[in-house]
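# A structural walkthrough
Given next are the chains, with one letter for each unit.
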Amino acid sequence: MTLILENVSKKFGSFTAVDQLSLEIQENSIFGFLGANGAGKTTTFRMILHLIDPTNGSITWDKDKIDYRKSDLIGYLPEERGLYPKLKVRDQLVYLGKLRGMTKKDAQKELNTWLDRLKVPHYLDKKVEDLSKGNQQKIQFISAVIHKPKLLILDEPFSGLDPVNVEMLKSAVEDLKNEGTTIVFSSHRMEHVEQLCENLCMLQTGKRILHGNLREIKRSYGKKNLRIETDFDINFVKQIPGVLKVQTYSWGIDCQIENEAVSQKILEQLTGKGFIRKFELEEPSLNDIFIEKAGESYE
Amino acid sequence: MNKFMTVFLHTFLSKLKAKSFLITTVLFLLFIFIAANISSITSLFDSEGEPEEQTVAVISEDQTIFEQLSERLEIGESNFQVDAVDTSLDMAKESVTEGAYLGVLHITMSNEGLPEATYYTDDMMSMTAEAKLSQELEQIKIAMATNQAGLDQEIISSIYEPMEFNTEQIAAGGTDGGSIKTEEELSGARGLVYVILFLLYFAVISYGNMIATDIANEKTSRVMEILISSSSPVNQMFAKILGVGLLGLTQMALFLGVGYLILVQKQEELVGGFFEVFGLSEISISTFIYAIIFFLLGYFLYATMAAVLGSLVSRTEDVQQMMMPVILLIVAAFMISMIGLSNPGSQFVTISSYIPFFSPMTMFLRAGMLDIPIWEIGLSILILIVTIIGMALIGARIYRGGVLMYGSSTSLKDIKKALQLSKKE
């Protein structure tokens, strides 16, 4: 059940929203979709969901086209939240469940399980418009997963939630993956992607600028982060070749270095100058990579 | 098909249970009930408002005129009496303002020896007494004048007797008389045609709006994106049209059923009333069948248009603006058929009965009121069905793109954009 995008493009008139995108998303994994606003994430999701047809290229899932025959196997959480404001939570989820091919009985059973799990069982008979934004989001999430989809597409699933609820949904997403669901999700929040995804792809104005396994991406990026805490003034580190960016704090500095070797040169220069509290070499964060990659194409 | 039923039932049931629908239906039924009982209701108020019979004071130079007047008023059931008074005119006027009399009638004799009268009252609103008095005095004057001229009473009554005037239709096909609609049939048909035209007009506007608003609502609340990722938008569009259609039929059946029950109950009271005006008992079965066919086809045509237009707007507030062309079309169709009601054979009506947007009304009007060959009706139905199918096919494509469009503009140009969005480039 691999989801494969081959040279997919989508043009709206003269505007190219997605440009020659190729991806392979393995079954039973969580795949992260990164990109600034307007990078083409939502358009790509809509094409995967068969809501709009690609201008060029093909999208296959399990070697077959995706269309409405398969919609019962797919779950979707759109970026723009959408539920019937006047409908009660129960009626809403049963209706949306039935539209995904569930029976009324199954939908009711699943919906109770999910409401309990997300700790909102008392909202069963409330109208959606009377719920807070965060709770509406939980209902929206349930509507995407109630029918146990094999392929789940989550467009910005954690936006607008407090940290407790983010954790709750994150663990739900991980459980779904362990139960065998393939999950594709997009986010601006790099730490969410880092925590959840094994594989990811980054889009910039419709083009794929980064793609692959998270750890490999970080390794091949080369640059490292170095944190130094000392009792003496270490501003001279800026002058050492291979040091790219320096952020000075009261307790010391954070700097970005070209490669691991540079850290050893810095260490040599530091020794004997005074007391070193901390000297830590870190993998670059996805945030750093994103900012640099996204920044590059703006220049 | 399963999902089609889900959307269909959801649309039907959620609309049926909506407060606004229940309120409108109850209000309408109440209106029908009141309209049917209007005569007993007004009499209820009358008997309370005017418990005693009222009196008009008469000051007359000629006593015989007063006697004649009094006699005539007694025969021709009037709701007031006359009373001869001997006082002066001013005093009589005073007693009117005090409320003792409804008014004062002052009758004098002209030079030719004929009566002239002035009616004084403080209640200029109540015209009934005035009209009645003037009418009766007129009769007395005519009798006196003709008497003076020496004419016989019988000659006079024959002058005033209304002439017999009948209208009969000439069969177009010649002498095989069987296809001529009689005057009774025609007036019966006119009644039914009028009722159906009005119902169709009402149905298209209210249910069309309901469909368009429903779709716009789903777009505004953004639930649309989930819906169309679950089942095909085209499927949903038709499920919606049928769901609201069933709702419409339920409401219509309720109105007509209640209306019919009331009429049957009041049949005796209404002899010569409603049944004769609308002549419901005289109508042929085929007219009823045409009524149903054209009602359904008309609904589907306009409902499809409404659904497509509804898919183009992204805010509920813009629905009215977008629906304008549809409303204008149905108003035009209604206007043409109102003209056609008095002149169903006119060329204008004939032509419009082949134009799909007008034909549900105008062809039904012709079919109900004239005896036109069956192929003409068939042709019109065929054109209508082809248009509906064409509309549905194009509409489905516009709908598919339209539901994904979010923008502020509300013009028909959006159709092009919607088509582009749904089309494979």
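Residues numbered from 1 in each chain as written. Chains lettered and ligands numbered in written order. Predicted model: local features only at pLDDT ≥ 70, side-chain atom pairs only at ≥ 80, totals over all residues.

Identification of chain B as ABC-2 type transport system permease protein from Gracilibacillus ureilyticus is taken from an unreviewed UniProt entry. UniProt, in the comment section headed Subcellular location (unreviewed entry), describes chain B in these words: "Cell membrane". (UniProt positions renumbered as here; feature names shortened; annotations may be inferred.)

Chain A appears in an unreviewed UniProt entry as ABC-2 type transport system ATP-binding protein from Gracilibacillus ureilyticus. The UniProt entry for chain A carries the following comment under Sequence similarities (unreviewed entry): "Belongs to the ABC transporter superfamily."

## A look at the UniProt feature "domain: ABC transporter" (unreviewed entry) in chain A
UniProt's entry tags residues 3–230 of chain A with the feature "domain: ABC transporter" (unreviewed entry), counted in the numbering of this structure. Across residues 3–230 of chain A, helical content stands at 34% and strand content at 30%; the span's end C-alpha atoms are separated by 50 Å. (Helix = DSSP H or I, 4+ residues; strand = E, 2+ residues; numbered from the N terminus.)

## A short note on the pairing of strand β7 (residues 151–155) of chain A
Residues and elements named next belong to chain A. Counting buried positions along β7 yields five of five residues, so the element is predominantly enclosed. Alternating residues of β7 divide into Leu151, Ile153 and Asp155 and Leu152 and Leu154, and every residue in both groups is buried. Relative to β7, strand β6 (residues 74–77) runs parallel, the two being bridged by four bridges. Along β7, the bridge assignment pairs Leu77 with Leu154. Relative to strand β8 (residues 182–186), β7 runs parallel, the two being bridged by five bridges. (Buried ≥ 20, exposed ≤ 12 C-beta atoms within 10 Å, placed from the backbone. Pairing = 2+ DSSP bridges.)

## Structural notes on unusual backbone geometry
Residues and elements named next belong to chain A. One non-glycine residue, Lys119, lies in the positive phi region at around 60°. Topologically, Lys119 is positioned in the loop between α3 (104–117) and α4 (133–145). Within the chain, Thr205 stands out as a residue other than glycine whose phi angle is a positive 40°. Tracing the backbone through its elements, the reader meets Thr205 in the loop between β9 (199–204) and β10 (207–213). On the basis of neighbour count, Thr205 is assigned to the partly exposed category, with 17 C-beta atoms found within 10 Å.

## Points about the sheet that holds β6(A)
Hydrogen bonding along the main chain pairs the strands of a sheet, whether they run parallel or antiparallel. All names here are of chain A. Across the sheet, six strands lie side by side as β6-β7-β8-β3-β9-β10; this open sheet has mixed pairing. Where the open sheet ends on each side, the last strands, each with one partner, are β6 and β10. Neighbour-to-neighbour, the strand axes of the sheet open up by a mean angle of 15°, direction not taken into account. Strands β3 (30–35), β7, β8 and β9 of the sheet are contacted by helix α1 (residues 41–48), whose axis makes an angle of about 155° with β7. (Axes fitted to C-alpha atoms, helices over the stretch in contact; angles between N-to-C directions. Contact = placed C-beta atoms within 7 Å.)

## Re helix α5 (residues 163–178) of chain A
Taking 1.5 Å of rise per residue, 16 residues should cover 22 Å, and α5(A) covers 23 Å from first to last C-alpha, within 8% of that figure. Positive phi shows up at A:Gly180, right after α5(A), with a value of about 110°. (Expected span 1.5 Å × (residues − 1).)

## Here's the deal with the confidence of the model for chain B
Residue and element names in this part refer to chain B. Of the residues in chain B, 84% have a pLDDT of 70 or more, and the chain-wide mean is 80. Confidence, expressed as mean pLDDT per element, reaches its minimum in chain B at helix α11 (residues 274–278) with 51 and its maximum at helix α1 (residues 2–17) with 89. A low-confidence stretch, residues 173–180 (pLDDT under 50), is modelled with seven contacts involving residues beyond four sequence positions or located in other chains. For this predicted complex, the interface confidence reaches an ipTM of 0.80, while the overall pTM sits at 0.73. (pLDDT = per-residue confidence, 0-100.)

## Things to note about the pairing of strand β12 (residues 243–249) of chain A
Residues and elements named next belong to chain A. A small share of β12 lies buried, amounting to zero of its seven residues. Bridge count between β12 and strand β13 (residues 252–257): six bridges; the pairing is antiparallel. Its bridge partner lying in β13, Tyr249 is registered against Gly252. The hairpin formed by β12 and β13 contains two residues between the paired strands.

## Considerations on the packing of helix α12 (residues 285–312) of chain B against helix α13 (residues 319–342) of chain B
Residue and element names in this part refer to chain B. It is the contact of α12 with α13, at a shortest axis distance of 9 Å, that shows an interaxial angle of 160°. Relative to α13, α12 is oriented roughly antiparallel. Here α12 runs over α13; the crossing is right-handed. Where α12 abuts α13, its residues Tyr302, Met305, Ala306, Leu309, Gly310 and Leu312 lie against Val319, Met322, Met323, Val326 and Ile330. (Parallel < 35°, antiparallel > 145°, perpendicular 65-115°, else oblique. Left-handed = near helix turned anticlockwise from the far one by under 90°.)

## Topic: the nonpolar core
All names here are of chain B. Core analysis: the biggest nonpolar cluster contains 130 residues, and Ile211, Ala212, Ala303, Ala306, Ala307 and Phe364 have the highest contact counts within it. Not counting residues up to four positions away in its chain, the partners in contact with Phe364 are Val193, Ile196, Tyr290, Ala291 and Phe294. In this structure, Val58, Ile65, Ile107 and Leu137 belong to the second largest nonpolar core, which totals 16 residues. (Core = buried A, V, L, I, M, F, W, Y, C linked by C-beta atoms within 7 Å.)

## Considering the domain arrangement of chain A
Reports often express the size of an interface as the amount of accessible area lost when the parts come together. By domain assignment, chain A separates into domain 1 (3–216) and domain 2 (223–283). Of note, the centres of domain 1 of chain A and domain 2 of chain A, computed from C-alpha atoms alone, are 42 Å apart. (Domains from an automatic or database assignment.)

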